[in-house]
Amino acid sequence: MSRPKNQSYKGHGLSKGKEREQRASIRFKTTLMNTVMDVLHNRPGWVEVKDEGEWDFYWCDVSCLRENFDHTYMDDHVRISHFRNHYELTRKNYMVKNLKRFRRQLEREAGKPEAAKCDFFPKTFEMPSEYHLFVEEFRKHPGITWIMKPVARSQGKGIFLFRRLKDITDWRQDTRSSDDQKDELPVENYVAQRYIENPYLIGGRKFDLRVYVLVMSYLPLRAWLYRDGFARFSNTRFTLSSIDDQYVHLTNVAVQKMSPDYHPKKGCKWMLQHFRQYLASKHGPQVVEALFSDMDNIFIKSLQSVQKVIISDKHCFELYGYDILIDQDLKPWLLEVNASPSLTASSQEDYELKTCLLEDTLHVVDMEARLTGKEKRVGGFDLMWNDGPVSREEGAPDLPGMGNFVTNTHLGCVNDRKNQLQQLFRSLQSQKKASS
């Protein structure tokens, strides 16, 4: 349970098994009024706690983190939905800083070929601190397109494209406060990033992929990849002749739903399974397997880049939303990682995906203590890293380079999660009866 740190508390001295048996119900708290609330309310044995009541599980907004870590005592079994300094991966400038540092480390320790595996993010500069470095790079490549993004905003807010240095000069002037406001209104940080001018198009439209990764621990790194996700499409055909049209270049649903062509029932998404089948029909399964393997590399390398800087508290887990763009050469690019991916549904299909995602997240977090810890799959989640790569084959050693090692990832593959969960829990019940 959680309680204020200044409240007196005496440990009950219960064994782990007895503690599990006595938790007949899970007290949860959440600040989100969307599919999260629906799933938590519908979970058997879970009871909502409001106001200052003691809780066992808290799905909170990132803004609530400091309050809970600084002023709350948490028993071993308590879980909260973010790592304290999640921003090391989820703020655009910190993500790039950590990836650059990790790439330099790999080059020193393992050589350039290994470091090249981190070349999955566009050339990026933090603004205004790296403005002069950016100008130097800008002048080396005249005429190319750049994109400016605020480091800590979401849903496409504050983003714009540009090709002229004057545009960035105007931005610097606009963001500077007047003399009497300098101390009150600090300049908002942005990143200037080389725009991917050759995105892979479907039906002439740009898209990116939203992929879900669940991290249960950073030390050691233990990460699960969800089979389902979606491609987010723009409503307007892609062109570089109109860089001011956000409906062409930004695929965020928050942006696209304002488009005059937006259809609220159809939305602008494809499920990843549909997307993978489409690519396989055009390019063949081997090419698609290589593409998805490259995406696996993005997930692992990005997590490893922050592994030593994230505070790996045993009470924390994190459901990340990765945004991946694919170019015409079928190279995946990491655009950003979200600590609070939108869990509000934009269509019935979207609602079903997100409720299943959340249900499976709770299965992996396992407040009910039903899992053995040896599972490689739980619902739609596949264990892809457990202090090292995980083999897809049952019983195979988790050592890459031995035999025909294949990583345990199935992104965009058929997700028979309901049958898998039924089999898993039946097996766990049988094991429990046999041991009792």
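Above this note sits the structure.
Residues numbered from 1 in each chain as written. Predicted model: local features only at pLDDT ≥ 70, side-chain atom pairs only at ≥ 80, totals over all residues. Heavy atoms only, no water.

Undergrad: Is there a simple way to explain the packing of helix H5 (residues 92-110) against helix H12 (residues 285-305) in this structure?
TA: Geometrically, a packed helix pair is captured by the angle between its two axes and the distance between the axes. Their axes nearest at 9 Å, the elements H5 and H12 cross at an angle of 95°. Considering their axes alone, H5 and H12 lie roughly perpendicular with respect to each other. Residue-level contacts link Asn 98, Leu 99, Arg 101, Phe 102 and Leu 106 of H5 to Lys 301, Ser 302, Gln 304 and Ser 305 of H12. Tallied by class, residues from the contact of H5 with H12 come to 3 nonpolar, 4 polar and 2 charged. (Axes fitted to C-alpha atoms, helices over the stretch in contact; angles between N-to-C directions. Helix = DSSP H or I, 4+ residues; strand = E, 2+ residues; numbered from the N terminus. Parallel < 35°, antiparallel > 145°, perpendicular 65-115°, else oblique. Contact = heavy atoms within 4.5 Å. Nonpolar A, V, L, I, M, F, W, Y, C, P; charged D, E, K, R; others polar.)

Undergrad: Honestly, the nonpolar core in this entry has me stumped. Any pointers?
TA: Side chains of a nonpolar character, in soluble globular proteins, are inclined to be buried together. Formed by 56 residues in total, the largest nonpolar core has its most connected members in Leu 209, Tyr 218, Phe 299, Leu 303 and Tyr 322. Those elements that place two or more of their residues in this core are H5, strand S11 (207-218), strand S12 (221-233), helix H11 (272-283), H12, strand S14 (318-326), strand S15 (332-338) and strand S17 (381-386). Sorting elements by how many residues they give to this core places H12 first, with 8 residues. Excluding residues within four positions of it along the chain, Leu 209 makes contact with Phe 230, Ala 231, Leu 272, Phe 275, Met 295, Tyr 322, Asp 323, Ile 324 and Ile 326. (Core = buried A, V, L, I, M, F, W, Y, C linked by side-chain atoms within 4.5 Å. Buried < 20%, exposed > 50% of the residue type's maximum accessible area, 1.4 Å probe, protein only.)

Undergrad: Explain the pairing of strand S8 (residues 146-150) to me, please; I cannot follow it from the model alone.
TA: Regular strands place their side chains on alternate faces of the sheet. Burial runs high along S8: 5 of the 5 residues are buried. With burial as the criterion, each face of S8 is covered, one bearing Trp 146, Met 148 and Pro 150 and the other bearing Ile 147 and Lys 149. Pairing of S8 with strand S9 (residues 160-162) involves 3 bridges; the strand directions are antiparallel. Paired with Ile 147 across the strands is Leu 161, a residue of S9. In this sheet, strand S10 (residues 190-194) lies alongside S8 in antiparallel orientation, the contact comprising 5 bridges. (Pairing = 2+ DSSP bridges.)

Undergrad: Explanation requested: the state of the cysteines in the structure shown.
TA: A disulfide bridge is the covalent bond that connects two cysteines by way of their sulfur atoms. Enumeration according to the criterion identifies 0 disulfides in this entry. With no disulfide of its own, Cys 316 lies 8.8 Å from the sulfur of Cys 60, the closest cysteine sulfur. Judged by relative accessible area, Cys 316 falls into the buried class, the value being 1%. (Disulfide = S-S within 2.5 Å.)

Undergrad: So what exactly am I meant to see when it comes to the sheet that holds S8 here?
TA: In any sheet, the strands associate via hydrogen bonds between backbone groups, in a parallel or an antiparallel arrangement. The antiparallel open sheet is built from 4 strands, whose spatial order is S7-S10-S8-S9. Each edge of the open sheet carries a strand with a single partner, namely strand S7 (124-127) and S9. On average, each strand axis in the sheet is tilted by 25° relative to the strand beside it, whichever way the strands run. Packing against the sheet, helix H7 (residues 131-140) makes contact with S7, S8, S9 and S10, and its axis sits at approximately 140° to S7.

Undergrad: Before we go on, may I ask you to explain H7 in this structure?
TA: Working note: α-helix, 3.6 residues per turn, so residues spaced by three or four point in the same direction. Within the span of H7, buried status applies to Tyr 131, Phe 134, Val 135, Glu 137 and Phe 138. Buried positions in H7, seen along its axis, are confined to an arc of 165° and lie on one side of it. Pointing more than 90 degrees away from the buried face of H7 are the exposed residues His 132, Arg 139 and Lys 140. (Arc of directions from axis to C-beta.)

Undergrad: Looking at this model, I keep getting lost on the packing of aromatic side chains. Mind explaining?
TA: To describe a pair of aromatic rings, you give the distance between the ring centres and the angle between the ring planes. Evaluated as defined, the whole model comprises 24 aromatic pairs. Taking 6.4 Å as the distance between ring centres and 15° as the angle between the ring planes, the aromatic pair formed by Phe 138 and Phe 162 counts as stacked. With Phe 138 in helix H7 and Phe 162 in strand S9, this residue pair connects regions lying 24 residues apart in the sequence. Per residue, the accessibility class of Phe 138 equals that of Phe 162, and both read buried. Linked through ring pairs, Phe 125, Phe 134, Phe 138, Trp 146, Phe 160 and Phe 162 together constitute an aromatic cluster. Across from the ring centre of Tyr 94, 5.2 Å away, lies the NZ or CZ of Arg 91, which sits over that ring. A cation over an aromatic ring shows up here: Lys 97 above the ring of Tyr 94, its NZ or CZ 4.9 Å from the ring centre. (Phe/Tyr/Trp six-rings, centres within 6.5 Å; stacked < 30°, edge-to-face > 60°. Lys NZ or Arg CZ within 6 Å of the ring centre and 35° of its normal.)

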